[in-house]
Amino acid sequence: MREYFRLDLLAVLTAGVLWGTLSPAGKQLSLLGADMLTVAVLRAAFMAGGVALFLLARMPHRFRIGGRQLLQVAILAGPCMVGIYAGFFFALHHLSVPVTIVIFFTHPLLTTIGSLVITKDLPDRRQVAGALLTFVGVAVGVLSSEGSLSGGIDPVGIAWCLFAALGMSLYSLFGRLSAQTGFIPQATLFFYLQFFGLGWLFLLKTITAGWGDLPSITTAQLLWIMYVGLGGGMLGYSIYFYGLRTLPASTASIVSSIEIVTAFTLSAVLLGQPPASREVVGAVLIVLAIVLVSRGGTEPLRIKS
């Protein structure tokens, strides 16, 4: 059992490293002039297609799902996948990679709060203290000494980043719920989240920006999008789901925080965007808050129904 736990721990750690590459990749796509909503749609298409091919080859029975479950996943895919795919890249269009990462890593706090409703976990004193520490970390990372948004940070970017954090929180919570209760098998949930997420993104793109930019996509942009969809995306999120089979969502959030280190390092090396000191301090405080929240009792308290 312990070896299995360590394997899941390694899976989530690997997912965090892969996700850390998505921030500089997304920033590079922005610098190349790519429409970020087009990036999100194509990313979802690559992921949905990749997962579909895997299931066809290995587990075709996982495509079967009840009508009520299908409706539930279709609704969930809206805020969940649009937030993760479009919201995160829109945030990168307005914010630096370090600021985006600092704000995005409020999602473990949202996961802890959301567990009250979804998994019925009661917060303890550590989690309350961690919540306060997280908000301090976000404030330090984003606000200047004068109390204003540092560096003229675009509030639109912050809003998109918080939406992405909400999407990631929902992804973790329902991935864990699937492992706990089996209301939908994890592989089935994973595929249909991608499938319906693609549908929501396609609809959003059609209504807002249209498809006039599609013929002008360059080879460089397409290669970056393929990596985002298949490498950091499909591989990263699928092995994260695997980790949630035995790891609590809060523990998985701790381990995946390696994304912060990866993103900061790659941004400094590849994009020439080293994090400011306040951003480093904010990131450290958020990681400490995640660790504090997740170091409660090994057996979570449950609300009796």
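Residues numbered from 1 in each chain as written. Predicted model: local features only at pLDDT ≥ 70, side-chain atom pairs only at ≥ 80, totals over all residues. Heavy atoms only, no water.

1. Description of empty space enclosed by the protein
- On inspection of all chains with the given rule, the structure shows 2 cavities of 30 Å³ or more.
- If you add up the space inside the largest cavity, you get close to 90 Å³.
- Lining the largest cavity, in full, are W19, L22, S23, R43, I84, F88, F89, F104, M168, Y237 and E259.
- Listing elements by their share of the lining of the largest cavity, those giving two or more residues are α2 (22-31) and α4 (67-94).
- Of the residues forming the lining of the largest cavity, the biggest block, 3 residues, is contributed by α4.
- Class assignment of the residues belonging to the lining of the largest cavity gives a composition of 8 nonpolar, 1 polar and 2 charged. (1 Å grid on protein atoms, 1.4 Å probe; cavity = no way out; pocket = protein on both sides within 12 Å on 5 of 7 lines; lining within 4 Å. Points joined across faces, edges and corners; volume = space filled by probe spheres on them. Helix = DSSP H or I, 4+ residues; strand = E, 2+ residues; numbered from the N terminus. Nonpolar A, V, L, I, M, F, W, Y, C, P; charged D, E, K, R; others polar.)

2. Examining the environment of D154
- Along the polypeptide, D154 turns up in the loop between α7 (125-142) and α8 (155-181).
- Taking the C-alpha atoms as reference points, D154 and H94, separated by 60 residues in sequence, lie 6.1 Å from one another.
- Not counting chain neighbours up to four residues away, the residues in contact with D154 comprise H94 and L95.
- Looking at D154, its side chain comes within polar contact range of the main-chain nitrogen of V156, at 2.9 Å. (Contact = heavy atoms within 4.5 Å. Polar contact = N/O pair within 3.5 Å; in protein donor to acceptor, adjacent residues only side chain to side chain.)

3. Some details on the side chain of Q194
- Within the secondary structure, Q194 is located in helix α9 (residues 186-208).
- We classify Q194 as buried; its relative accessible area is 1%.
- In this view, Q194 contacts M47, A48, M81, Y85 and Y171; residues no more than four positions away in its chain are not counted. (Buried < 20%, exposed > 50% of the residue type's maximum accessible area, 1.4 Å probe, protein only.)

4. A closer look at a nonpolar patch on the surface
- A cluster of nonpolar side chains, L7, L10, L13 and V17, forms an exposed patch at the surface whose accessible area comes to about 320 Å².
- For L7, the location among the structural elements is in helix α1 (residues 2-20). (Patch = residues over 30% accessible without salt bridge, like charges linked within 9 Å, V, L, I, M, F, W, Y side chains within 5 Å. Areas by Shrake-Rupley, 256 points an atom, 1.4 Å probe, with all protein chains shown as cover. Salt bridge = Lys/Arg side-chain N within 4 Å of Asp/Glu carboxyl O.)

5. Details of the pattern of salt bridges
- Going through the model one piece at a time under the given rule, you end up with 2 salt bridges.
- Across the salt bridge formed by K205 and D35, the nearest N and O atoms sit 3.5 Å from each other. In this pair, K205 is assigned in helix α9 and D35 in the loop between α2 and α3 (36-58), connecting sequence segments 170 residues apart.
- The class of K205 is buried, set by a relative accessible area of 0%.
- Given the relative accessible area of 29%, D35 is considered partly exposed.
- For K205, the salt bridge is made with D213, and the minimal N-O distance between the two is 2.9 Å.

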